[in-house]
Amino acid sequence: MDDADTDALLRALYEHLHATEELPIERTASRWIAEAEAVAGDLADSELADSVVRERVGHVEHLLAQVEGTGSEEADEHVRQAKDIVDRILAA
């Protein structure tokens, strides 16, 4: 995966997490998602070494693993998409 692909995936990761902000979701899930969103936003807006990107994406993976459900089908879909993107980045 080249840098442009990774940049696009990082932007998509952030956008999926950011899209949950205005949705009515369960409080605990909201906390985990908000922290993951903050890390993803930093990744999307920064030029970082590949090793740092992988480490921080791993942190996002850990945070999202804590989310079992949000109480919103739309938010659940955004979280699922974000998890898929994390998997793609880490597999590359």
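Residues numbered from 1 in each chain as written. Predicted model: local features only at pLDDT ≥ 70, side-chain atom pairs only at ≥ 80, totals over all residues. Heavy atoms only, no water.

Novice: Describe the nonpolar core, with residues and values.
Specialist: Residues L13, L17, I33, V57 and V60 are the most contacted members of the largest nonpolar core, which totals 25 residues. Only α1 (3-18), α2 (27-44), α3 (50-65) and α4 (73-91) provide two or more residues apiece to this core. With seven residues, α2 is the single largest residue contributor to this core. (Core = buried A, V, L, I, M, F, W, Y, C linked by side-chain atoms within 4.5 Å. Buried < 20%, exposed > 50% of the residue type's maximum accessible area, 1.4 Å probe, protein only. Helix = DSSP H or I, 4+ residues; strand = E, 2+ residues; numbered from the N terminus.)

Novice: Tell me about the layout of surface pockets, and please be specific about residues and values.
Specialist: Empty space within the largest pocket amounts to approximately 310 Å³. What lines the largest pocket is a set of 15 residues, among which D2, D3, T6, D50 and V53 lie closest to the centre. Counting residues per element, the ones that place at least two in the lining of the largest pocket are α1 and α3. With four residues, the top contributor of residues to the lining of the largest pocket is α1. (1 Å grid on protein atoms, 1.4 Å probe; cavity = no way out; pocket = protein on both sides within 12 Å on 5 of 7 lines; lining within 4 Å. Points joined across faces, edges and corners; volume = space filled by probe spheres on them.)

Novice: Quick one: what's the story with the pattern of salt bridges, residue by residue and with numbers?
Specialist: Here the structure, examined in full by the defined rule, presents four salt bridges. Here R56 makes a salt bridge to D42, at a shortest N to O gap of 2.7 Å. Residue R56 is found in helix α3, and its partner D42 is found in helix α2; the two are separated by 14 residues along the sequence. Note on R56: relative accessible area 31%, which makes it partly exposed. (Salt bridge = Lys/Arg side-chain N within 4 Å of Asp/Glu carboxyl O.)

Novice: Describe in detail a negative patch on the surface, supporting the description with residues and values.
Specialist: On the surface, D2, D3, D5, D7, E47 and D50 cluster together into a patch of negative charge. Considering every element that reaches the negative patch, the biggest residue donor is α1, with three residues. Mapped onto the fold, D7 is located in helix α1. On the basis of relative accessibility, which here comes to 42%, the residue D7 falls in the partly exposed class. (Patch = residues over 30% accessible without salt bridge, like charges linked within 9 Å, V, L, I, M, F, W, Y side chains within 5 Å. Areas by Shrake-Rupley, 256 points an atom, 1.4 Å probe, with all protein chains shown as cover. Lys, Arg positive; Asp, Glu negative; His and termini not counted. Charge placed at Lys NZ, Arg CZ, Asp CG, Glu CD.)

Novice: So what about the confidence of the model for the protein? Which residues, and what values?
Specialist: Per-residue pLDDT for the protein has a mean of 96; in total, 100% of the residues score no lower than 70. Per-residue pLDDT, averaged within each element of the protein, yields its smallest value for α1 (95) and its largest for α4 (98). (pLDDT = per-residue confidence, 0-100.)

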